[in-house]
Amino acid sequence: MSTAVRLKIEAIDKVFKRRDKPSIEALRNIDMEVAEGEFVSIVGASGSGKSTLLRIIDGLITPSGGRVLVDGRPVDRPGPDRAVVFQQDSLLPWKTVIDNVAYGLTLARVPKADAHRTAQRFIDVAGLHGFEHHYPHQLSGGMRQRVNVARALAVNPKILLLDEPFAALDAQTREIMQAELLSIWQETRKTVLLITHQIDEAVFLSDRVIVFSARPGTVREEIRVDLPRPRDLHVKRSPEFSGLVDHIWTLIEAEVRAGLRQG
Ligand SMILES: Nc1ncnc2c1ncn2[C@@H]1O[C@H](COP(=O)(O)OP(=O)(O)OP(=O)(O)O)[C@@H](O)[C@H]1O
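If you're wondering where the values come from, they're calculated on a predicted model, not measured in any experiment.

Asker: Quick question: what am I supposed to make of the site of the ligand here?
Answerer: As a matter of local geometry, the ligand sits amid 14 residues, with F16, S46, K50, S51 and T52 nearest to it. Ranked by residues supplied to the shell around the ligand, first place goes to helix α1 (residues 50-58) with three residues. Classifying every residue of the shell around the ligand gives three nonpolar, eight polar and three charged.

Following this line, the structure appears as structure tokens:
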């Protein structure tokens, strides 16, 4: 595996200033790296600043201190090198699947035939072959999220940022989507940073899991996941898998209790 650093987070702090109310320190001195082609997840208690960090990486929020580097170059605004998938799908309801997936390319003035060819490739990768001309309302929640992932990949970003992409799905669909995401990742080998509340999801998908402390979010621990790849859902029944999940659970539980004591 390549060890080139694709994403570097250097000493990121974030304090939200609020009118007539105390400021909120969301993140404190976050340092982390994601290698090219690596799949990394961040887990942590609610309010530990995970989404804030993802938005800083995407360039939607300005940090109070520190910087984000992609391939060694600082970034401070959204750009085509980073694509985000959020919990709620952001598909255009009046456009078909293929036009939704091709949308970013058309905005970048890629000729329609080329845009559709690329879109078709990622529709196939995402297991949506045959649904190209459906509209979002004709699809299930899981399928809509696959369209979102296909759309994010179609613009060929260097980094795919996933913010709780399956949180709105039921438990069974969510498990299937985890396996689908893994096969998409195995095929494309994108650099991925995922935020999730589900510890088992993080362990199943990732090369590394980063556990955040309660607010202000700091890196509490980094856990390498050495489960063999390619993985399928059966790996969740292995003792190694359960051991990792238990360990992360214990860390987060301690943070949640510490957070509750702080109020
Ligand atoms: N725009 C904002 N203005 C003020 N406070 C904010 C703003 N955005 C986030 N916060 C606060 O910053 C802290 C971190 O929020 P964030 O959403 O990043 O946490 P999170 O770890 O993603 O939480 P969750 O897991 O519940 O989604 C929270 O206390 C939140 O209320």
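Asker: What is the right way to look at the sheet that holds strand β1 (residues 5-18) in this model?
Answerer: Within a sheet, neighbouring strands are paired by backbone hydrogen bonds and run either parallel or antiparallel to one another. The four strands are arranged β2-β1-β4-β5 in an open sheet whose pairing can be described as antiparallel. A strand with exactly one partner marks an edge of an open sheet, and here the two such strands are β2 (21-35) and β5 (73-75). Going from strand to strand, the sheet's axes swing by 30 degrees on average, the running direction of each strand aside. Pairing analysis gives nine bridges linking β1 to β2, with the strands arranged antiparallel. Across the sheet, residue V15 finds its bridge partner in β2, namely E25.

Asker: How should helix α5 (residues 171-188) be read in this particular structure?
Answerer: Residues three or four positions apart in an α-helix share a direction because the helix packs 3.6 residues into each turn. Its 18 residues give α5 an end-to-end C-alpha distance of 26 Å, which sits within 8% of 26 Å, the value for a rise of 1.5 Å per residue. In this structure, the buried side of α5 is in contact with β3 (39-44), α3 (112-125), α4 (141-154), β8 (191-195) and α6 (199-205). R189 sits one or two positions beyond α5 and adopts a positive phi of about 50 degrees.

Asker: Is there a simple way to think about the UniProt feature "domain: ABC transporter" (unreviewed entry) in the protein chain in this case?
Answerer: UniProt marks residues 7-239 with the feature "domain: ABC transporter" (unreviewed entry), using the numbering shown here. For the annotated span residues 7-239, helix accounts for 32% and strand for 29% of the residues, and the straight-line distance between the end C-alpha atoms is 32 Å.

Asker: Looking at this structure, I do not really get the packing of helix α2 (residues 97-107) against α3. What am I missing?
Answerer: Each packed pair of helices is defined by two parameters, the angle between the axes and the distance between the axes. Where α2 meets α3, the closest approach of the two axes is 8 Å, and the angle between their N-to-C directions is 120 degrees. With respect to α3, the axis of α2 lies oblique. For the crossing formed where α2 meets α3, the hand is right-handed. Contacts between α2 and α3 involve V97, I98, V101, A102, L105 and T106 from the first element and K112, A115, H116, T118, A119, Q120, F122 and I123 from the second. Here the residues of the contact of α2 with α3 sort into nine nonpolar, four polar and one charged.

Asker: Which parts of the structure should I look at to understand the environment of R231?
Answerer: Along the polypeptide, R231 turns up in the loop between β10 (219-224) and α7 (239-262). In this structure, the C-alpha to C-alpha distance between R231 and L194, residues 37 residues apart in sequence, is 17 Å. Look past the residues within four positions of R231 in its chain and what remains in contact with it is L182 and F204.

Asker: Explanation requested: the nonpolar core in the structure shown.
Answerer: Taken as a class, soluble globular proteins show a tendency for nonpolar side chains to be buried jointly. Counting 69 residues, the largest nonpolar core has V101, I123, A150, A154 and L161 as the members making the most contacts within it. Counting residues per element, this core draws most heavily on α4, which supplies seven residues. With residues up to four places along the chain from it excluded, the contact list for A154 reads V101, A102, G104, L105, T118, A119 and F122.

Asker: I keep staring at the pairing of strand β7 (residues 159-163) and nothing clicks. Help me out?
Answerer: On a regular strand, each side chain points to the face opposite its neighbour's, so the side chains alternate between the two faces of the sheet. Among the five residues in β7, five count as buried, and that is most of the element. The alternating pattern of β7 places I159, L161 and D163 on one face and L160 and L162 on the opposite face, and all of these are buried. Relative to β7, strand β6 (residues 82-85) runs parallel, the two sharing four bridges. Looking across to β7, one finds that A83 is bridged to L160. Note: β7 against β8, five bridges, orientation parallel. Residue I159 lies in a different strand from β8, and its bridge partner there is T191. Since β7 and β8 lie parallel, the crossover through α5 that links them has a hand, and here it is right-handed.

Asker: Looking at this structure, I do not really get the sheet that holds β6. What am I missing?
Answerer: As summarised here, the arrangement of the six strands in space is β6-β7-β8-β3-β9-β10, forming an open sheet in which the pairing is mixed. Both edges of this open sheet fall to β6 and β10, since each of them pairs with a single strand only. The mean inter-strand angle of the sheet, taken between neighbouring strand axes irrespective of direction, is 20 degrees. Relative to strand β9 (residues 208-212), β3 runs parallel, the two being bridged by five bridges. Note on β9: the bridge partner recorded for V43 is V211. In this fold α1 packs onto β3, β6, β7, β8 and β9, with an angle of close to 150 degrees to the strand it touches most, β7. The strands that α7 touches are β3, β9 and β10; relative to β10, the one it contacts most, it runs at about 175 degrees.

Calculation rules
Residues numbered from 1 in each chain as written. Predicted model: local features only at pLDDT ≥ 70, side-chain atom pairs only at ≥ 80, totals over all residues. Near = placed C-beta within 6 Å. Helix = DSSP H or I, 4+ residues; strand = E, 2+ residues; numbered from the N terminus. Nonpolar A, V, L, I, M, F, W, Y, C, P; charged D, E, K, R; others polar. Pairing = 2+ DSSP bridges. Axes fitted to C-alpha atoms, helices over the stretch in contact; angles between N-to-C directions. Expected span 1.5 Å × (residues − 1). Contact = placed C-beta atoms within 7 Å. UniProt positions renumbered as here; feature names shortened; annotations may be inferred. Parallel < 35°, antiparallel > 145°, perpendicular 65-115°, else oblique. Left-handed = near helix turned anticlockwise from the far one by under 90°. Core = buried A, V, L, I, M, F, W, Y, C linked by C-beta atoms within 7 Å. Buried ≥ 20, exposed ≤ 12 C-beta atoms within 10 Å, placed from the backbone. Right-handed = clockwise from strand over helix to strand, strands pointing away.

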